[in-house]
Amino acid sequence: MRHITCTVNGVRREADVEPRQLLVYFLRETLGLTGTNVGCDTSSCGACTVMMDGKSVKSCTVLTVQADGSEIVTIEGLARDGQLHPMQEAFRQNHALQCGYCTPGMIMAAVGLVENGQAASEEEIRVGLEGNLCRCTGYHNIVKAIQSAASTMRAPAQS
């Protein structure tokens, strides 16, 4: 067992973990944050995407011990004071989901794209989402939602 400390959704967490445990299972099983989905366990689908130290990562490819000292944000950590994050709201307004299984990972990947300045055009968004699969929507409304949220998320920075 290894002792780790990390911050998850603004809360400091400490735990003893198996060295081989994947971050996705730590989040889901140890912390009860089940919004992060397990899709493929091979990093192909992106359903498990979270933000770690400001970058979107597939939590099925990260060992929990690698997150020691890191700041992690899951889908549960995006909303503030009962208000959806602009990306969550844009997905809702643009009907950017169907079954919803990929949605948490897709939103987290999209937040990463916008926050890292990689969502300036439709092409950049589509390329940036290549590691996140949606089997239902065809991506059109997902791209629209990200474009909408990107303008909202950039607005405070432009003021």
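Treat the numbers as computed from the prediction; the structure is a model and nothing was measured. (Residues numbered from 1 in each chain as written. Predicted model: local features only at pLDDT ≥ 70, side-chain atom pairs only at ≥ 80, totals over all residues. Heavy atoms only, no water.)

### What about the pattern of salt bridges?
- As enumerated under the stated definition, the model contains three salt bridges in all.
- Residues Glu14 and Arg12 are paired through a salt bridge, measuring 3.0 Å at the closest nitrogen-oxygen approach.
- The class for Glu14 is partly exposed, based on a relative accessible area of 48%.
- For Arg12, a relative accessible area of 57% translates into the label exposed.
- As a salt-bridge pair, Arg92 and Glu89 come within 2.5 Å of each other at their nearest N and O atoms. Of the two residues, Arg92 and Glu89 both sit in helix H2 (residues 86-93), three residues apart, roughly one turn of that helix.
- Exposure remark for Arg92: the relative accessible area of 51% places this residue in the exposed category. (Salt bridge = Lys/Arg side-chain N within 4 Å of Asp/Glu carboxyl O. Buried < 20%, exposed > 50% of the residue type's maximum accessible area, 1.4 Å probe, protein only. Helix = DSSP H or I, 4+ residues; strand = E, 2+ residues; numbered from the N terminus.)

### Quick look at the sheet that holds strand S3 (residues 49-52)
- Here we have five strands laid out as an open sheet, ordered S2-S1-S5-S3-S4, and mixed in their pairing. The open sheet has two edge strands, strand S2 (11-17) and strand S4 (55-58), and neither has a second partner. The sheet shows a mean angle of 40° between the axes of neighbouring strands, taken without regard to direction.
- Sheet analysis places S3 next to S4, joined by four bridges and oriented antiparallel. Note on S4: the bridge partner recorded for Thr49 is Lys58.
- The sheet strands contacting helix H3 (residues 103-115) are S3, S4 and strand S5 (71-73), and the helix crosses S3 at an angle near 40°. (Pairing = 2+ DSSP bridges. Axes fitted to C-alpha atoms, helices over the stretch in contact; angles between N-to-C directions. Contact = heavy atoms within 4.5 Å.)

### Notes on H2
- Among the residues of H2, Met87, Gln88, Ala90 and Phe91 are the ones counted as buried. One side of H2 carries all its buried residues, which in axial view fall inside an arc of 165°.
- Residue His95 follows H2 closely and has a positive phi angle near 50°. (Arc of directions from axis to C-beta.)

### Re the nonpolar core
- In this structure, Met87, Phe91, Leu129, Ile142 and Ile146 are the most contacted members of the largest nonpolar core, which totals 27 residues.
- Those elements giving two or more residues to this core turn out to be H2, H3 and helix H5 (140-158).
- Looking at which element gives the most residues to this core, the answer is H3, with eight residues.
- Leave out the neighbours within four places in its chain, and Met87 touches Ile107, Ala110, Val111, Val114, Ala145, Ile146, Ala149 and Met153.
- Ala15, Leu23, Leu33 and Val65 belong to the second-largest nonpolar core, a separate cluster that totals 16 residues. (Core = buried A, V, L, I, M, F, W, Y, C linked by side-chain atoms within 4.5 Å.)

### Observations concerning the side chain of Thr49
- Mapped onto the elements, Thr49 comes out in strand S3.
- When its relative accessible area of 5% is taken as the criterion, Thr49 is described as buried.
- A polar contact of 2.7 Å, which involves the side chain of Thr49, links it to the backbone oxygen of Gly46.
- Within the structure, the side chain of Thr49 is placed 3.4 Å from the side chain of Asn132, a separation counted as a polar contact.
- Each residue touching Thr49, except ones within four places of it in the same chain, is listed here: Ser56, Val57, Lys58, Pro104, Gly105, Met108, Ala109 and Asn132. (Polar contact = N/O pair within 3.5 Å; in protein donor to acceptor, adjacent residues only side chain to side chain.)

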